[in-house]
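Fold and contact review
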Amino acid sequence: MTDLLQMTVLSAIAISCGLVGPFLVLKRMAMFANSLSHTILLGIAIAFLITGSLFSLSSLLIGAFLAALMTAFFTGGLIRLFRLQEDASIGLVFTSLFALGITVVTLFTRDAHLGIEAVMGNADIVQMSDLKLVLPFLGLNLLSIVIFYKQFQITSFDQSLAKILKISASPFHFLLLFLIATTCISAFRAVGVLLVLAFLVGPFLTARLFCHRLPWLLFWTPLIGTIASICGVLLSRFLFEAFDLALSTGGIVATLIGLIYVFASIKINLFTPAAKSANLKGNQKASGI
Amino acid sequence: MLLFGQAATMSDIHIWIYGSLAFFVALFLFLTFRPLQASLFDRDFSHSAKMPVQALERILFWLLLLSLIVGIRSVGVVLMSGMVIAPAVAARQFTDRLQVLFVLAGFFGAVSGLFGNYLSVLANLPTGPMIVLVGTSFALFSLLFAPKRGVLFRRCRVLSFRLRCLEENILKGIWKKGRFSETPSLIVRTALWRLKKEGWMNDRLELTADGTLKAASIVRLHRLWELYLSEQLGFQAEKVHRTAEEMEHILTPEMEEKLTRLLENPKHDPHHQPIPEKGL
């Protein structure tokens, strides 16, 4: 029963990550998402101070909103006001906000355990309530992507076209940031804030190796994430039963996502270029060049 | 605790281990400083000078790894990237020289380690986050208040330039109209006060002898630039006024000298106004 629940929760997380992940990588915001996945700890801590409850839907939404706002504001401020390079300012902002988050959490809960739990996540203690928490966020992602598919597509591929069509990029940019933040927060309990980046980026990179259409990428990315989640839970259970190894399930899933990417890229690099060049030669012969 | 660092678990032997690792890193930087500098600033040049750029970069990567290992026990793996960046950002605001940058960044790192550890013991908070917070506050402080590069200094420079422009415009206005006619706002009053202090204006808001000369020289720069634009660059006479309004505050005496020689010591500007003689 718990295995099934774990699979469902992790799959739901993988799907909601798989929906926003493609836009994230296409807009070259992967490092920004890394930053965001750290700063939501501070967002959650502040939301906890405001609302007084840690894992209610409203406090998590407030936390995600605050985190997205703070990260975007501070990083942009450092770049524009202080003329710092982008990479340096991202690095500076996320580490300091993360440090602040850990400090606030430790200060108010006097429980260093929460800090570690937040960072590493613990897929082995997920309950029915976690599933109920993850599903609304999945729905939010799905709804936003379905409604604003065109806008997201255009702003991530062609900024000038977006300008001509009078789609202003910044609201959708911020919406994407907010969705990433909510996604990170929904993954908070099961996989922690660090490993969620693997869920956001890994499956999309794998899918892009063999697929080049955005609608299909939005289909394949969640699917790969889901497969990795299910296999990860099974593997974790198997290792525990057979060898008595209690490993972090979230960690196993993230490792699997990485391995899938490595194998897929090796396979495609080994076979496709040869096949392609052979194909090309055939075409050239056929057309008489 | 690898994630956030726990200084309390350290013992004497760690001083030796981490100390020697840090010494090794510093020694390497000291020995390979020249080629390192060349490859950092101009990769193509160092390639063409047959320096081992790739080997250097590879070694630099391993040194970074070493430093991260040094930091694991005190700062923790998660926050080490902050410790790599923050001291360098802080040091960069104070210097333009690479040697100084290395030393200063090391110094900032050491100080933030010290204070962070102290604070963490004092307030019973996790060590790594405190060290990173101290390092980041150093970086923010330097970004704000560092001389020359700091935001505050740059703002002051812009403001003082604007004030000087205002002063010179007031002088010019009085020189042309013979009297001061403007509703004095706070900034205008500041400018007037400074003009009086510099002795270019008396208490009845009239130009002194020095002030007249100064105003004439500003008008001269303005009209010289207008003439230059219309004669040498072929602009229409109606379009030259606006840039001249800005250039009159920027032109230096050497530029004035060259303009005078280039335009063969002119007497009238494109609007047939007389150009005042060089006075100061």
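Given the structure is predicted, the values throughout are model-derived calculations rather than measurements.

**Looking at the overall build of chain A**
- Scanning chain A from N- to C-terminus turns up 11 helices and zero strands.
- Burial analysis of chain A (289 residues in total) assigns 49% to the buried set.
- By sequence separation, contacts in chain A at least 24 residues apart represent 77% of the contacts at least 6 residues apart.
- Only carbon and sulfur atoms are counted for the fraction: they give 70% of the accessible area of chain A, which is about 13800 Å².

**Points about the state of the cysteines**
Residues and elements named next belong to chain A.
- Taken as a whole and assessed by the stated rule, the structure comprises zero disulfides over all chains.
- The thiol of cysteine 184 is not disulfide-bonded; the next cysteine sulfur, from cysteine 17, is found 6.9 Å away.
- Note on cysteine 184: relative accessible area 0%, which makes it buried.

**Concerning the pattern of salt bridges**
Residues and elements named next belong to chain B.
- Tallied over the full model, the rule gives six salt bridges over all chains.
- Here glutamate 167 makes a salt bridge to arginine 194, at a shortest N to O gap of 2.8 Å. Here glutamate 167 is found in helix 8 (residues 151-177), whereas its partner arginine 194 is found in helix 9 (residues 186-197), with 27 residues between them in sequence.
- A residue is classified by how much of its surface remains accessible, and arginine 194, at 33% relative accessible area, is partly exposed.
- Each of Arg164, Glu168 and Lys214 takes part in one network of salt bridges that share partners.

**What to know about the packing of helix 6 (residues 128-147) of chain A against helix 7 (residues 149-157) of chain A**
Residue and element names in this part refer to chain A.
- For the pair helix 6 and helix 7, interaxial distance at closest approach is 4 Å and the crossing angle is 75 degrees. Here helix 7 runs roughly perpendicular to helix 6, going by the angle between their axes. Across from Ser144, Ile145, Val146 and Ile147 in helix 6, the residues of helix 7 making contact are Tyr149, Gln151 and Phe152.
- Split into classes, the residues belonging to the contact of helix 6 with helix 7 amount to five nonpolar, two polar and no charged.

**Overview of helix 5 (residues 80-92) of chain B**
- Spanning 13 residues, helix 5 of chain B covers 19 Å between terminal C-alpha atoms, matching the ideal 18 Å at 1.5 Å per step.
- For helix 5 of chain B, the set of buried residues is Met80, Gly82, Met83, Ile85, Ala86, Pro87, Val89, Ala90 and Ala91 of chain B.

**Here we look at the interface of chain A and chain B**
- With 25 residues of chain A at the contact, the number on the chain B side is 27 residues.
- In this assembly, chain A packs against chain B so that about 2000 Å² is buried in total across both faces, 81% of it on carbon and sulfur atoms.
- For chain A, the biggest contributors to the area lost against chain B are Phe82, Leu92 and Thr95 of chain A; these three give 27% of the whole.
- Our count for the chain A to chain B interface comes out at zero salt bridges.
- Across the chain A-chain B interface, the total number found is zero residue pairs in polar contact (both at pLDDT 80 or more).
- Elements that contribute at least two residues to the side of chain A that touches chain B include exactly helix 3 (57-81), helix 4 (86-109) and helix 5 (112-120) of chain A.
- Per-element tally for the side of chain A that touches chain B: the top contributor is helix 4 of chain A, with 13 residues.
- Of the residues belonging to the side of chain A that touches chain B, the class tally is 16 nonpolar, seven polar and two charged.

**Side note on the packing of aromatic side chains**
Residues and elements named next belong to chain A.
- For the structure shown, the criterion picks out 13 aromatic pairs over all chains.
- Seen in terms of ring centroids, phenylalanine 210 and tryptophan 220 are 5.3 Å apart; in terms of plane orientation they differ by 85 degrees. Their pairing is edge-to-face. With phenylalanine 210 in helix 9 (residues 169-210) and tryptophan 220 in helix 10 (residues 214-243), the pair connects residues that are 10 residues apart, well separated along the chain.
- For tryptophan 220, a relative accessible area of 30% gives the class partly exposed.
- Three or more aromatic residues joined by ring pairs form one cluster here, namely Phe210, Trp216, Phe219 and Trp220.

**Overview of the packing of helix 1 (residues 2-26) of chain A against helix 9 of chain A**
All names here are of chain A.
- Interaxial distance between helix 1 and helix 9 falls to 6 Å at its minimum, and their mutual angle equals 60 degrees. Handedness of the helix 1/helix 9 crossing: right-handed.
- The class makeup of the residues in the contact of helix 1 with helix 9 is 23 nonpolar, four polar and one charged.

**Concerning a positive patch on the surface**
- On the surface, a cluster of positive charge is contributed by Arg83 of chain A together with Arg155, Arg157 and Arg162 of chain B.
- Among the secondary structure elements, arginine 83 of chain A is positioned in the loop between helix 3 and helix 4.

**So, helix 10 (residues 209-231) of chain B**
- With 23 residues, helix 10 of chain B ought to run about 33 Å at 1.5 Å a step, and its terminal C-alpha atoms sit 32 Å apart, in line with that.
- With respect to burial, helix 10 of chain B is a largely interior element, 18 of its 23 residues being buried.

**Let's talk about the side chain of threonine 95 of chain B**
Residues and elements named next belong to chain B.
- Structurally, threonine 95 is set in the loop between helix 5 and helix 6 (98-123).
- Separated by 2.9 Å, the side chain of threonine 95 and the backbone nitrogen of arginine 97 make a polar contact.
- Excluding residues within four positions of it along the chain, threonine 95 makes contact with Val100, Leu101 and Leu104.

**Observations regarding the confidence of the model for chain B**
- Residue-level pLDDT values for chain B average 81, and 94% of them are 70 or greater.
- Predicted complex metrics record ipTM = 0.72 and pTM = 0.75.

Definitions and cut-offs
- Residues numbered from 1 in each chain as written.
- Chains lettered and ligands numbered in written order.
- Predicted model: local features only at pLDDT ≥ 70, side-chain atom pairs only at ≥ 80, totals over all residues.
- Heavy atoms only, no water.
- Helix = DSSP H or I, 4+ residues; strand = E, 2+ residues; numbered from the N terminus.
- Buried < 20%, exposed > 50% of the residue type's maximum accessible area, 1.4 Å probe, protein only.
- Contact = heavy atoms within 4.5 Å.
- Areas by Shrake-Rupley, 256 points an atom, 1.4 Å probe, with all protein chains shown as cover.
- Disulfide = S-S within 2.5 Å.
- Salt bridge = Lys/Arg side-chain N within 4 Å of Asp/Glu carboxyl O.
- Axes fitted to C-alpha atoms, helices over the stretch in contact; angles between N-to-C directions.
- Parallel < 35°, antiparallel > 145°, perpendicular 65-115°, else oblique.
- Nonpolar A, V, L, I, M, F, W, Y, C, P; charged D, E, K, R; others polar.
- Expected span 1.5 Å × (residues − 1).
- Buried area = accessible area lost by both parts, 1.4 Å probe.
- Polar contact = N/O pair within 3.5 Å; in protein donor to acceptor, adjacent residues only side chain to side chain.
- Phe/Tyr/Trp six-rings, centres within 6.5 Å; stacked < 30°, edge-to-face > 60°.
- Left-handed = near helix turned anticlockwise from the far one by under 90°.
- Patch = residues over 30% accessible without salt bridge, like charges linked within 9 Å, V, L, I, M, F, W, Y side chains within 5 Å.
- Lys, Arg positive; Asp, Glu negative; His and termini not counted.
- Charge placed at Lys NZ, Arg CZ, Asp CG, Glu CD.
- pLDDT = per-residue confidence, 0-100.

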